[in-house]
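These are the residues of each chain, in order.
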Amino acid sequence: MEIHYAERIRTLPPYLFATIDQMKKEALSKGADLIDLSIGDPDIPTPSHIVEAMKKAVEKPEHHRYPSYEGMLSFRKAVSDWYKRRFNVNLDPEHEVLSLIGSKEGIGHIPLAFVDPGEIVLVPSPGYPVYPVGTKFAGGIPYFMPLKDENRFLPDLDSIPKDVCKKAKLMFINYPNNPTSAVADEEFYKKVVEFARKYNIIVCHDAAYSEVYYEEKPVSFMQIDGAKEVGIEFHSLSKTYNMTGWRIGFAVGNKEILSGLGKVKTNLDSGVFQAIQEASIVALETDDSILREIREIYRERRDVLYEGLKSAGFDVRKPMATFYLWAKVPRGTNSIDFVARLLKEAEVLCTPGVGFGEYGEGYIRFALTQSKERIKEAVERIRRLKL
């Protein structure tokens, strides 16, 4: 029997983090003392009170049945309460909050609800690979919006051709940004709302890193007048509460857009395990002092890596949010070759910028997901290289 993949699979580029994982396995098989600063998977454990809540919730027989598709109302109420406390945004938990099996799932599925084959989706480059992949799975065409240093890694909406704008159905934006660590202000979001209204484009804002910040709290797209009329915001408990493996997130905002996403989900999944939802309610009610402690750990790591890379000769941004550092590669090389060199000569693994899209070429991304001591060791190894 001959097995033939569908064209949508055959034409996909290798998934960035699967490729990184293979590089990691090969280095470890050769006995490398690898310091992995590549993938944004928090190494800090989930706070213990959330784990304890999960233990109790798992024992409840009512959670062993199929969950509701849209999520338990109590979970959605906890999300709306969190948005009110954190952003002073009012959300109707019944119609303006939808549970997700992690925000990645919702981001991947949203084009299926609104994009017909041949229609355009505006996608940031560099950006999270799921934006263009989800678009292609729906038969859509990604139009890449360059994120450039000179524009503070914000898309230049005025530079998008009018014929593209008229054909676009969705636009993905993501701030605080992965991979560049850039943040967006209210002025930018106001432009996005105006742009979306003008061209009737649905805005999908990925806010997964809003709670990993240092000097200033990032704003929510939902805080902007008119945002709820044109879009939704994706969020996740993964980065905020170190719950990447739990697979729970949510989308909030325009009820008609959420309804469309919900129709896709109703046909493709059976909702989030209710015990996880119950534990996530406890997470969303977590005292901010615990989150400050987590942010302080990342701040210390950020400062060590930033100062170390600067002293080693890198042109690197100091992030105001996220746990990523976005650094230019030395002249005369590209991002993949330089990542391979760091792995071979320093046994330090980071991520090539080109894996996030064409406009990520010339950069590499470091994740602050190792201890401060290991990051110091990584810096020392990198310093010994002749860049």
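How each quantity is defined
- Residues numbered from 1 in each chain as written.
- Predicted model: local features only at pLDDT ≥ 70, side-chain atom pairs only at ≥ 80, totals over all residues.
- Heavy atoms only, no water.
- UniProt positions renumbered as here; feature names shortened; annotations may be inferred.
- Pairing = 2+ DSSP bridges.
- Helix = DSSP H or I, 4+ residues; strand = E, 2+ residues; numbered from the N terminus.
- Core = buried A, V, L, I, M, F, W, Y, C linked by side-chain atoms within 4.5 Å.
- Buried < 20%, exposed > 50% of the residue type's maximum accessible area, 1.4 Å probe, protein only.
- Contact = heavy atoms within 4.5 Å.
- Phe/Tyr/Trp six-rings, centres within 6.5 Å; stacked < 30°, edge-to-face > 60°.
- Lys NZ or Arg CZ within 6 Å of the ring centre and 35° of its normal.
- Patch = residues over 30% accessible without salt bridge, like charges linked within 9 Å, V, L, I, M, F, W, Y side chains within 5 Å.
- Areas by Shrake-Rupley, 256 points an atom, 1.4 Å probe, with all protein chains shown as cover.
- Salt bridge = Lys/Arg side-chain N within 4 Å of Asp/Glu carboxyl O.
- Axes fitted to C-alpha atoms, helices over the stretch in contact; angles between N-to-C directions.
- Parallel < 35°, antiparallel > 145°, perpendicular 65-115°, else oblique.
- Left-handed = near helix turned anticlockwise from the far one by under 90°.
- Right-handed = clockwise from strand over helix to strand, strands pointing away.
- Polar contact = N/O pair within 3.5 Å; in protein donor to acceptor, adjacent residues only side chain to side chain.

As annotated in an unreviewed UniProt entry, the protein is Aminotransferase from Thermodesulfovibrio autotrophicus. Listed under Cofactor (unreviewed entry) in UniProt, the entry text for the protein is "pyridoxal 5'-phosphate". You can read under Catalytic activity (unreviewed entry) in the UniProt record for the protein the words "(2S,6S)-2,6-diaminopimelate + 2-oxoglutarate = (S)-2,3,4,5-tetrahydrodipicolinate + L-glutamate + H2O + H(+)".

> I'm lost on the sheet that holds strand E9 (residues 324-328) in this one. Help?
Adjacent strands of a sheet pair through backbone hydrogen bonds, lying either parallel or antiparallel. Reading across from one edge, E9-E12-E11 is the order of the three strands in this open sheet, with antiparallel pairing throughout. Of all strands in the sheet, those bounded by a partner on one side alone are E9 and strand E11 (351-352). Note that E11 and strand E12 (residues 363-367) share two bridges and pair antiparallel. Residue pairing across strands places Pro352 opposite Ile364, the latter belonging to E12.

> Just to check I follow, could you spell out the nonpolar core for this structure?
Here is a general trend for soluble globular proteins: nonpolar side chains tend to be buried in one another's company. Tyr83, Leu122, Met171, Ile364 and Phe366 are the most contacted members of the largest nonpolar core, which has 106 residues in total. Excluding its chain neighbours within four sequence positions, the residues that come into contact with Phe366 are Leu37, Leu305, Leu309, Phe323, Tyr324, Leu325, Ala327, Leu342, Cys350 and Ile382. In terms of nonpolar packing, the next biggest core, distinct from the first, is built from 22 residues, Leu98, Val115, Leu170 and Ile232 among them.

> Looking at this structure, I do not really get the packing of aromatic side chains. What am I missing?
Each aromatic ring pair is specified by the distance between its two centres and by the angle formed by the two planes. Evaluated as defined, the whole model comprises 20 aromatic pairs. For the ring pair Tyr209 and Phe323, a centre distance of 5.7 Å and an interplane angle of 85° mean the geometry is edge-to-face. In this pair, Tyr209 sits in the loop between strand E6 (202-206) and helix H9 (227-230) while Phe323 sits in the loop between helix H12 (288-311) and E9, placing the two residues 114 residues apart along the sequence. Here the two residues Tyr209 and Phe323 agree in accessibility, since each one is buried. Arranged with centres 5.4 Å apart and planes meeting at 65°, the rings of Tyr209 and Tyr324 form a pair that is edge-to-face. Pair noted here: Tyr209 is in the loop between E6 and H9 and Tyr324 is in strand E9, with a separation of 115 residues, a long-range link. According to the relative accessible area criterion, Tyr209 is buried, its value standing at 5%. Each member of the aromatic cluster is reached from another via a ring pair, and the members are Phe75, Trp82, Tyr83, Phe87 and Phe250. Directly above the aromatic system of Tyr214 lies the positively charged group of Arg302, at a separation of 4.6 Å from the ring centroid.

> Explain a nonpolar patch on the surface to me, please; I cannot follow it from the model alone.
On the surface, Tyr5, Ile9 and Phe137 cluster together to form a nonpolar patch covering roughly 310 Å² of accessible area. Inspection of the secondary structure puts Tyr5 in the segment before helix H1 (7-10). By relative accessible area, Tyr5 is classed as exposed at 58%.

> Can you help me understand the packing of helix H4 (residues 73-87) against helix H11 (residues 274-284) in this one?
Two quantities define a packed helix pair, namely the angle between the axes and the distance from one axis to the other. At their nearest, the axes of H4 and H11 sit 9 Å apart, and the two run at 15° to each other. As the angle between them shows, H4 and H11 are arranged roughly parallel. The handedness of the crossing between H4 and H11 comes out as left-handed. Contact residues: Ser74, Phe75, Ala78, Val79, Trp82 and Arg85 in H4; Gln277, Ser280, Ile281 and Leu284 in H11.

> How do you make sense of the pattern of salt bridges when you look at a structure like this?
Where side chains of opposite charge bring their charged atoms close, a pairing between them can arise. For the structure on display, the rule yields 27 salt bridges. The residue Asp43 makes a salt bridge to Arg301 at a minimum N-O spacing of 2.8 Å. Highlighted residues: Asp43 in the loop between strand E1 (35-36) and helix H3 (48-58) and Arg301 in helix H12, separated in sequence by 258 residues. Using a relative accessible area of 34% as the deciding quantity, one classes Asp43 as partly exposed. Among the residues examined, Arg301 registers a relative accessible area of 5% and is labelled buried.

> What am I meant to see in the pairing of E6 here?
For a regular strand, the rule is simple: side chains alternate between the two faces of the sheet. Where burial is concerned, most of E6 is hidden: five out of the five residues are buried. Neither face of E6 is open: one carries Ile202, Cys204 and Asp206, the other Val203 and His205, and all of them are buried. When strand E5 (residues 168-174) meets E6, the two strands line up parallel, connected through five bridges. When the bridges of E6 are listed, Met171 appears paired with Val203. Traced from E5 through helix H8 (residues 186-199) to E6, the parallel crossover comes out right-handed.

> Looking at this structure, I do not really get the side chain of Thr322. What am I missing?
Position of Thr322 relative to the elements: it lies in the loop between H12 and E9. Judged by relative accessible area, Thr322 falls into the buried class, the value being 0%. A distance of 3.2 Å separates a polar side-chain atom of Thr322 from the backbone nitrogen of Tyr324. Once residues lying within four places of it in the same chain are set aside, the contact partners of Thr322 are Pro176, Asn177, Ser181, Tyr209, Val212 and Tyr214.

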